[in-house]
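For reference, the chains in residue letters:
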Amino acid sequence: MTDANPLLDFSGLPRFDRIEPAHVRPAIDALLAESRALVARLTTGAVPVPATWKDFVAPLNDGIERLARAWGIVGHLHSVNDTPDWREAYNALLPEVSRFYAELGQNLALFAQYKALRDSADYASLSAAQRRIIDNELRDFRLSGAELPEAQKPRFQAIQEEQAALSAKFSENLLDATNAFAEYVSDESELAGLPNDVIQAAREAAEKEGKNGWKFTLHMPSYLPVMQYADSRRLRAALYRAYVTRASEFGPPALNNAPLMRRLLELRQEEAHMLGYANFAEVSLTPKMAESVEQVLAFLRDLAAKARPFAEKDLAELREFSAKTLGLPALEAWDYAYAAEKLRQARYDFSAQEVKPYFTEPTVLAGLFRAIETLYGVRITPDTAPVWNADVRFFRITDATGQRVGQFYLDLYAREIKRGGAWMDEAIARRRLPDGSVQTPVAYLVCNFARPVGEKDGRPLPATLTHDEVETLFHETGHGLHHLLTRVDELGVSGIRGVEWDAVELPSQFMENYCWEWSVIETLSAHIESGAPLPRALFEKMRAAKNFQSGMQMLRQIEFSLFDMLLHSRFDPASGEEGILQLLEAVRREVAVVSPPDWNRFANSFSHIFAGGYAAGYYSYKWAEVLSADCYAAFEEAGNPFDPTTGKRFLDEILAVGGSRPAPDSFRAFRGREPRVDALLRHSGMIIE
Ligand code: ZN
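All values derive from a computational prediction rather than experimental measurement.

J.: Looking at this structure, how should I read the pattern of salt bridges?
T.: Once their charged atoms are close, side chains differing in charge can pair, the charge on each being opposite to the other. Counted under the stated rule, the structure contains 61 salt bridges. As a salt-bridge pair, Lys115 and Glu147 come within 3.9 Å of each other at their nearest N and O atoms. With Lys115 in helix α4 (residues 108–119) and Glu147 in the loop between α6 (128–143) and α7 (153–180), this residue pair connects regions lying 32 residues apart in the sequence. Between Arg601 and Glu249 there is a salt bridge, with the nearest N and O atoms lying 2.9 Å from each other. Highlighted residues: Arg601 in the loop between α22 (576–591) and α23 (607–610) and Glu249 in the loop between α10 (233–244) and α11 (258–274), separated in sequence by 352 residues. The buried category is assigned to Arg601, whose relative accessible area is 10%. Each member of the salt-bridge network shares a partner with another, and the members are Glu162, Arg262, Arg263, Glu266 and Glu577.

Written out as structure tokens, the structure is:
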């Protein structure tokens, strides 16, 4: 292989100092050819290789890892350094790389090899991690139709393609319907209550079209503040109606998502039947932690029953406050967010901006690292590596004996050419190499915080973070630790690989709890001017505000989750568009404390399940929250958020094992019992102690 192409250098860390967009095409072309040749050699050679781990799985994983690593670097650079050249290089190869992985998933010769290995005497002698990799492979092949009779395969393929097209159209319709609406305000008095930056943006939007006045839209930065802050009930009502009827029969027929939804449900049902399942929810749950539709439904209904009294109390408070203080005796759907914001302000008189100067970045990072070091008995120290931007830092994690466990990049600040949001991604995954040595894992932690501004006494001031941003940093670090502290030797289930989708947020949400511990916050905060920690009284207000209206919020999430699960399990797609509406109505009657107007068409914009891969999976949000809260409760029961015994057990039983065993087993090994919802309810202020 050519030394000149740094994308093909797998001897260590990615060569961010040398990699250029021009390297992408030759490197990826070479790796694709190499990978295809390998697959051919392993499956169609004159003498087929024996279906053993050593002869088949190990070389396959070895060979394909090179492509995954190189393409991972390209994808990463496309996300954090999205210059026209990088975008072009990425997009040019994306279809080819996607096609390769699709072929791999459809390759029946590979499937046959895995099946032969599963049925051989060898299987029993493999490690648990190796057996799990084989089982996962077989499961994924089956779910993608590999076992169907040949005659049925074209139909199965057609179903997949039609679903993909319908989901894409669903998103397009929703976006077009969102863009089609604008509310122009010419009377300045209608702006009362809105934040200045929102007014300014509305003014600029109108100006751009050569219009006077202000333009409001259904995009979040315009819609949300109107619903929360606009004193004008007329303005709120107008935007609400437009928002909740997007892509429905109340708009242009071409943008109506209802027929697409009906068709998607039909196709999913047909797919499930072809694969031998009773309904699509069973297909969706097969690779997940939840065991059955019944288990998920019971979980959601139990949570709903427990949250309900608190939601009723939330609602009663909101009604009383609105009647007395806002002159709104009867709340309409477009009043709730507004009234809730007013009540929140009245009760907890602090703002996010008041908190921010205390969370200075160096103190936050030091506090975060200290928390990790205390919990898991590791050390985090600065390290050096080639990086893609001068702002990026690099760290090394070592264990008690000084051995390197892993390394990570930290890219904290927003840049114009960087994708928004925050995420963790893997650069290198842990594995044991054929020579017996260990390839230690490397992670990317990426955020989009504002970079430092200003200076004092000639020295630059550090960046400051909101408490939300501190939570985001802890969350992504939790994902990072799952990847970095793994002890699994096999690539396919090392770190977050192979972890069930509804359990993967456990370590990340777990870490968020530490942002609500006074003993942590005290060490995490140092005021940008005075260096003082966050005042305790202000912290207590934040804690109280955290659970504001949590009962109503939880019921809302459960309403969506229950609708989604019933739609994909108990619903007959033949009952059509009307039937979808009726099901949503029934779910609301069952769990909600407030019902929206009967013209509300929420389902028509429920992208998560119709366009986003969450079909029969929306419950995962609450599911993972229950797991993470329950794990954290083990520390509370030990009387110390850093209890060393519990910390070691969390490391050993949850983080270190990664995807090498089923998540329910890992949970039980850590907690000594099945998950319970109590801790989440308590953390949400829904248990009276
Ligand atoms: Zn996450």
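J.: When you look at the coordination of the zinc ion in this model, what are you seeing that I'm missing?
T.: Each pair of donors in an ideal four-coordinate tetrahedral metal site encloses 109.5 degrees, whereas pairs in an ideal six-coordinate octahedral site enclose 90 or 180 degrees. Every protein donor of the zinc ion is accounted for by His475 (NE2), His479 (NE2), Glu505 (OE) and Glu505 (OE), and the metal-donor separations fall at 2.1 to 2.7 Å. Seen from the zinc ion, its 4 donor atoms lie at angles of 51 to 143 degrees, and the figure they make is irregular. All donor residues of the zinc ion come from one chain, and their arrangement in sequence is H-x3-H-x25-E. One end of the pair, His479, is in helix α17 (residues 467–484); the other, Glu505, is in the loop between α17 and α18 (506–512), and 26 residues separate them in sequence. By relative accessible area, which is 27% here, Glu505 ends up partly exposed.

J.: Could you clarify how one ought to interpret the side chain of Ser35 in this entry?
T.: Inspection of the secondary structure puts Ser35 in helix α1 (residues 24–44). Its relative accessible area of 1% is what places Ser35 among the buried residues. When neighbours within four sequence positions are excluded, Ser35 is seen to be in contact with Gly63, Ile64, Leu67 and Phe100.

J.: I tried to follow unusual backbone geometry on my own but got confused; where do I start?
T.: Phi is mostly negative for residues that are not glycine, and the peptide bonds are mostly trans. The phi dihedral of Asp457 falls on the positive side, at around 50 degrees, and the residue is not glycine. Among the residues examined, Asp457 registers a relative accessible area of 73% and is labelled exposed.

J.: Just checking my understanding: could you explain the packing of helix α2 (residues 53–80) against α4 for this structure?
T.: Two measures define how a pair of helices packs: the angle their axes make with one another and the distance between the axes. Packing of α2 against α4 leaves a shortest axis separation of 11 Å and a crossing angle of 135 degrees. Of the possible angle classes, the one that applies to α2 and α4 is oblique. Our pair here, α2 against α4, has a crossing hand that is left-handed. The residues of α4 that touch α2, namely those facing Trp53, Phe56, Val57 and Leu60, are Leu110, Gln113, Tyr114 and Leu117. Across the contact of α2 with α4, the residue classes break down as 7 nonpolar, 1 polar and no charged.

J.: What's the story with the packing of aromatic side chains in this structure? I'm lost.
T.: For any pair of aromatic rings, the description rests on two quantities: the centre-to-centre distance and the angle between the ring planes. Tallied over the full model, the rule gives 44 aromatic pairs. For the ring pair Phe369 and Phe395, a centre distance of 5.0 Å and an interplane angle of 75 degrees mean the geometry is edge-to-face. Residue Phe369 is found in helix α16 (residues 361–376), and its partner Phe395 is found in strand β4 (residues 393–398); the two are separated by 26 residues along the sequence. Accessibility assignment for this pair places Phe369 and Phe395 in one class, buried. Cluster of aromatic residues (ring-pair linked, three or more members): Trp501, Phe560, Phe563, Phe602, Phe606, Tyr614, Tyr618 and Tyr621. Geometry around Trp599 places Arg241 over its ring, the cationic atom sitting 3.8 Å from the centre. When the ring centre of Trp516 is taken as reference, the NZ or CZ atom of Lys546 above it lies at 5.3 Å.

J.: So what exactly am I meant to see when it comes to the sheet that holds strand β6 (residues 423–428) here?
T.: Backbone-to-backbone hydrogen bonds pair the strands of a sheet. The strands run either parallel or antiparallel. Reading across the sheet, the 5 strands line up as β3-β4-β5-β9-β6 and stay open at both edges, with mixed pairing between neighbours. Each of the sheet's edge strands pairs with one partner strand only, and the pair in question is β3 (379–382) and β6. Each strand axis lies, on average, 25 degrees off the axis of its neighbour in the sheet, ignoring direction. As paired elements, strand β5 (residues 404–413) and strand β9 (residues 442–449) share 6 bridges and run parallel to each other. The residue of β9 that forms the bridge with Tyr413 is Phe449. Set on the sheet, α16 makes contact with β3, β4 and β5; between it and β5 the angle comes to about 155 degrees.

J.: Explain the nonpolar core to me, please; I cannot follow it from the model alone.
T.: Generally speaking, a soluble globular protein has its nonpolar side chains buried in company with each other. With 142 residues, the main nonpolar core has Tyr376, Phe510, Tyr514 and Phe650 as its most contacted residues. Top contributing element to this core by residue count: helix α13 (residues 293–326), with 13 residues. Apart from residues no more than four positions distant in its own chain, Phe650 is found in contact with Tyr376, Leu506, Phe510, Cys631, Phe635, Leu655 and Phe670. Core analysis: the next-biggest nonpolar cluster, separate from the first, contains 58 residues, Phe16, Ile28, Leu38 and Leu42 among them.

J.: What am I meant to see in helix α20 (residues 536–546) here?
T.: Helical geometry note: an α-helix holds 3.6 residues per turn, so side chains three or four residues apart project in the same direction. Taken together, the buried positions of α20 are Leu538, Phe539, Met542 and Ala545. Take α20 and look down its axis: the buried residues cluster within an arc of 125 degrees, on one side only. In the core, the buried residues of α20 are packed alongside α15 (352–355), α17 and α19 (518–524).

J.: Any chance you could explain the packing of α13 against helix α14 (residues 336–347) here in plain terms?
T.: With their axes 10 Å apart at the nearest point, α13 and α14 run at an angle of 85 degrees to one another. Here α13 lies roughly perpendicular to α14, going by the angle between them. Every residue of α14 that contacts α13 at Leu315, Glu317, Leu318, Arg319, Phe321, Ser322 and Leu326 is listed here: Tyr336, Tyr338, Ala339, Ala340, Lys342, Leu343, Ala346 and Arg347. Its residues assigned to classes, the contact of α13 with α14 shows 10 nonpolar, 1 polar and 4 charged.

Calculation rules
- Within each chain, residue numbers correspond to sequence positions counted from 1 in written order.
- Residues qualify for local features only when their pLDDT is at least 70, as the model is predicted, and side-chain atom pairs are given and counted only at 80 or more; totals for whole chains, interfaces and linings, by contrast, use all residues.
- Here the side-chain values reflect all heavy atoms present in the structure, with hydrogen atoms and water set aside.
- When a carboxyl oxygen of Asp or Glu is within 4 Å of a side-chain nitrogen of Lys or Arg, the pair counts as a salt bridge.
- Strands here are runs of E lasting at least two residues and helices are runs of H or I lasting at least four, both read from the DSSP assignment and numbered beginning at the N terminus.
- When a residue's accessible area, from a 1.4 Å probe over protein chains only, is under 20% of the maximum for its type it is buried; when over 50% it is exposed; and in between it is partly exposed.
- A donor here means any N, O or S atom no more than 2.8 Å from the metal (3.2 Å for Na, K and Ca); water is not included, so a site may seem to lack partners.
- Think of it this way: with four donors and all angles in the 85 to 135 degree range, the site is tetrahedral; with four or six donors, opposite ones beyond 155 degrees and the rest between 65 and 115, it is square planar or octahedral; otherwise it is irregular.
- Note on contacts: a residue pair qualifies if any of its non-hydrogen atoms lie within 4.5 Å across the two residues.
- The axes used here are C-alpha line fits, helices contributing only the stretch in contact, and every angle between their N-to-C directions lies in the interval 0 to 180 degrees.
- Angles are sorted into four bins: roughly parallel if under 35 degrees, roughly antiparallel if over 145, roughly perpendicular if 65 to 115, and oblique for all others.
- What makes a crossing left-handed is the near helix being turned counterclockwise from the far one by less than a right angle; a clockwise turn instead makes it right-handed.
- Three classes are used: nonpolar for Ala, Val, Leu, Ile, Met, Phe, Trp, Tyr, Cys and Pro, charged for Asp, Glu, Lys and Arg, and polar for all others, with Gly counted as polar.
- Two rings from Phe, Tyr or Trp (for Trp, the six-membered ring) form a pair when their centres sit within 6.5 Å of each other. Planes less than 30 degrees apart are called stacked, planes more than 60 degrees apart edge-to-face, and all others tilted.
- Two limits define a charge over a ring: the Lys NZ or Arg CZ must be within 6 Å of the ring centre, and within 35 degrees of the ring normal.
- Any two strands are treated as partners once DSSP identifies two or more bridges connecting them.
- We define a nonpolar core as any set of buried Ala, Val, Leu, Ile, Met, Phe, Trp, Tyr and Cys residues linked to one another through side-chain atoms lying within 4.5 Å.
- This arc is taken over the directions from the axis of the helix to the C-beta atoms.

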